[in-house]
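Survey of secondary and tertiary structure
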Amino acid sequence: MKEEIAQIQSDALTAIGAASGEQELDEARIAFLGKKGRLTAASSGMKDLSKEEKPVVGQLLNATRGAITEALEGKRNALQDEADRAALEGLDLTLPGRPLHPGSLHPLTQLGDRAIGILRRLGFALAEGPEIETEFHCFDALNTPPEHPARNEKDTFYFDSGKLLRTHTSTVQIRTMETQPPPVRVIAPGSCYRRDEVDKTHLPVFNQLEGLYVDTDVQVGDLKGALEFFYRAMFGEETEVRFRPHFFPFTEPSFEIDARLRLEGHDPEWIEVAGCGMVDPAVFEEICKSRGDELYHPDKVTGYAFGMGLDRLAMIKWGIKDIRLLIENDARFLTQFA
Ligand code: DAH
């Protein structure tokens, strides 16, 4: 029996040594150590042995099982090493890695985030409204009469339903006051739509940021202070800001804001950056009617509002000469803002 066991061990080691892959190795394991394997079969001969021989042969069987198991393990590792080596062959480990191109925020998003960040420091909260609007929210409630040119079909996208794509974010002023009691201090960035021919400075969809502050004693000085702070934070402390009288249907008095900025390669010049003014009492009256209460009665509250073009602001800030670059998704342009 001892010779038989020695033979099994020698056959097993030969088979393991000759195995050229995972599968052959497994076959060898089953052939020798498996339930019906040769070593297992040999063990069953134990019962016929004498008392003295039993422990000796038992030990031999164990040692053999150990030796075969060890050989299997060693061969498995060797096969794995070989496979690894083959996989790495021809690979130049000194090559530099492939560069990663992490994405980055679109310049308009960056600018919008910055603008929102500055205005939040002044206590403004974000508000929003739908892009598909009613004529009431876009015009009537904003004191814009039916014959006003902005309401012209040539300038505005109307749906058959009579609704329209909002032409400005001023609609959010109305939506906010309809649903919240005073005081309100909100900003609303968002897309607006006008039937403009596409050129360097016009797109039929563009972005504005609206602001509205209504309380019991809001004055022109508050408006001036807030917006001067905003443009200095946006363009630099030394930025000069001026308010020019203007007309908007929904504010009285109204102003256009110019900032004195240096565009790339130019001397500093006054550039129009926003419209603003004190909320017209007619707007408050319309809100009272719509709400069915007097919380916004023009004898009780005053307020200021402003609206600025974000695309335009981005173009000024980074010297972008063509607004179309902002929507073309050309990586050569966008990666400059990464
Ligand atoms: N809605 C105006 C526009 O689209 C911008 C504007 C001007 C907004 C004056 C205002 C404002 O809130 O007070 O041109």
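Placed above this text is the structure.
Residues numbered from 1 in each chain as written. Predicted model: local features only at pLDDT ≥ 70, side-chain atom pairs only at ≥ 80, totals over all residues. Heavy atoms only, no water.

Attention now moves to the site of the ligand. The immediate surroundings of the ligand are formed by 15 residues, with His-168, Ser-170, Arg-194, Gln-208 and Glu-210 found nearest. Gln-208 is positioned such that a nitrogen or oxygen atom in its side chain is 2.9 Å from an oxygen atom of the ligand. With respect to the ligand, the backbone of Ala-305 contributes an N or O atom lying 3.1 Å from an oxygen atom. Looking at side-chain class alone, the shell around the ligand contains 5 nonpolar, 8 polar and 2 charged residues. (Near = heavy atom within 4 Å. Polar contact = N/O pair within 3.5 Å; in protein donor to acceptor, adjacent residues only side chain to side chain. Nonpolar A, V, L, I, M, F, W, Y, C, P; charged D, E, K, R; others polar.)

The next subject is the layout of surface pockets. Space inside the second largest pocket adds up to approximately 240 Å³. Residue assignment for the lining of the second largest pocket shows that the elements contributing at least two residues are strand E7 (251-261) and helix H10 (310-318). When residues of the lining of the second largest pocket are assigned to their parent elements, the largest contribution, 3 residues, is made by H10. Partitioning the lining of the second largest pocket into residue classes produces 6 nonpolar, 2 polar and 6 charged. (1 Å grid on protein atoms, 1.4 Å probe; cavity = no way out; pocket = protein on both sides within 12 Å on 5 of 7 lines; lining within 4 Å. Points joined across faces, edges and corners; volume = space filled by probe spheres on them. Helix = DSSP H or I, 4+ residues; strand = E, 2+ residues; numbered from the N terminus.)

Turning our attention to helix H1 (residues 2-18). Over its 17 residues, H1 runs 24 Å from end to end, which matches the ideal 24 Å to within 8%, given 1.5 Å per residue. Every buried residue belonging to H1 is among Ile-5, Ile-8, Ala-12 and Ile-16, and all of these are buried. The arc that holds the buried residues of H1, viewed along the axis, is 60°, so those residues lie on one side. Among the exposed residues of H1, those oriented more than 90 degrees off its buried face are Glu-3, Thr-14 and Ala-18. Tucked inside the fold, the buried residues of H1 contact helix H2 (22-33), helix H3 (38-43) and helix H4 (53-88). (Expected span 1.5 Å × (residues − 1). Buried < 20%, exposed > 50% of the residue type's maximum accessible area, 1.4 Å probe, protein only. Arc of directions from axis to C-beta. Contact = heavy atoms within 4.5 Å.)

Before going further, it helps to examine the pairing of strand E5 (residues 205-215). Counted residue by residue, E5 has 9 buried out of 11 residues, so it is predominantly covered. By the bridge criterion, 10 bridges tie strand E4 (residues 184-193) to E5 in an arrangement that is antiparallel. When the sheet's bridge partners are listed, Val-184 is paired in E5 with Val-214. In this sheet, strand E9 (residues 302-309) lies alongside E5 in antiparallel orientation, the contact comprising 8 bridges. Residue pairing across strands places Val-214 opposite Gly-303, the latter belonging to E9. (Pairing = 2+ DSSP bridges.)

A few words now on helix H9 (residues 281-291). Residues of H9 that are buried: Val-283, Phe-284, Ile-287 and Cys-288. Buried residues of H9, viewed axially, fall in a sector of 145°; they line one side. Against helix H7 (171-179), E5, strand E8 (269-279) and E9 lie the buried residues of H9. Here H9 starts with a cap whose side-chain oxygen sits 2.9 Å from the backbone nitrogen of Ala-282, and that cap is Asp-280. Of the residues trailing H9, Gly-292 is marked for its positive phi of about 75°.

Moving on: the packing of H2 against H4. With their axes 10 Å apart at the nearest point, H2 and H4 run at an angle of 175° to one another. The angle between H2 and H4 falls in the class roughly antiparallel. Between H2 and H4, the contacting residues are Glu-22, Leu-25, Asp-26, Arg-29, Phe-32 and Leu-33 on the first element and Arg-65, Ile-68, Thr-69, Leu-72, Lys-75, Arg-76 and Leu-79 on the second. When grouped by side-chain class, the residues that make up the contact of H2 with H4 number 6 nonpolar, 1 polar and 6 charged. (Axes fitted to C-alpha atoms, helices over the stretch in contact; angles between N-to-C directions. Parallel < 35°, antiparallel > 145°, perpendicular 65-115°, else oblique.)

When you line up the elements, Glu-228 lands in helix H8 (residues 220-235). Owing to a relative accessible area of 17%, Glu-228 belongs among the buried residues under this scheme. With sequence-adjacent residues up to four places away left out, Glu-228 is seen in contact with Val-241 and Phe-243.

With the rule as written, the count across this model stands at 16 salt bridges. Put simply, Arg-151 and Glu-135 hold a salt bridge, and the shortest N to O gap is 2.9 Å. You can see Arg-151 sitting in the loop between helix H6 (135-138) and strand E3 (164-165) and its partner Glu-135 sitting in helix H6, a full 16 residues away along the chain. The exposure class of Glu-135 is partly exposed, given its relative accessible area of 29%. Its salt-bridge partner being Arg-151, residue Asp-140 comes within 2.9 Å of it at the nearest N-O pair. You can see Asp-140 sitting in the loop between H6 and E3 and its partner Arg-151 sitting in the loop between H6 and E3, a full 11 residues away along the chain. By relative accessible area, which is 10% here, Arg-151 ends up buried. Salt bridges here are not isolated pairs; linked through shared partners, they connect Arg-242, Arg-244, Glu-256 and Asp-258. (Salt bridge = Lys/Arg side-chain N within 4 Å of Asp/Glu carboxyl O.)

A few words now on the packing of aromatic side chains. Using the criterion set out here, one finds 10 aromatic pairs in the structure. Relative to Phe-306, the ring of Phe-124 has its centre 6.0 Å away and its plane inclined at 80°; by these criteria the two rings are edge-to-face. Here the residue Phe-124 occupies a position in the loop between helix H5 (107-121) and strand E1 (125-126), and Phe-306 occupies one in strand E9, the gap between them amounting to 182 residues. Here Phe-306 falls in the buried class, since its relative accessible area comes to 2%. Relative to Tyr-296, the ring of Phe-284 has its centre 6.3 Å away and its plane inclined at 20°; by these criteria the two rings are stacked. Placement of the pair is Phe-284 in helix H9 and Tyr-296 in the loop between H9 and E9, with a sequence separation of 12 residues. For the pair Phe-284 and Tyr-296, one class covers both residues: buried. Chaining the aromatic ring pairs together yields one cluster made of Phe-124, Tyr-213, Tyr-304 and Phe-306. Just above the ring of Tyr-213 sits the side chain of Arg-185; from NZ or CZ to the centre is 4.3 Å. (Phe/Tyr/Trp six-rings, centres within 6.5 Å; stacked < 30°, edge-to-face > 60°. Lys NZ or Arg CZ within 6 Å of the ring centre and 35° of its normal.)

That is the geometry; function is a separate question.
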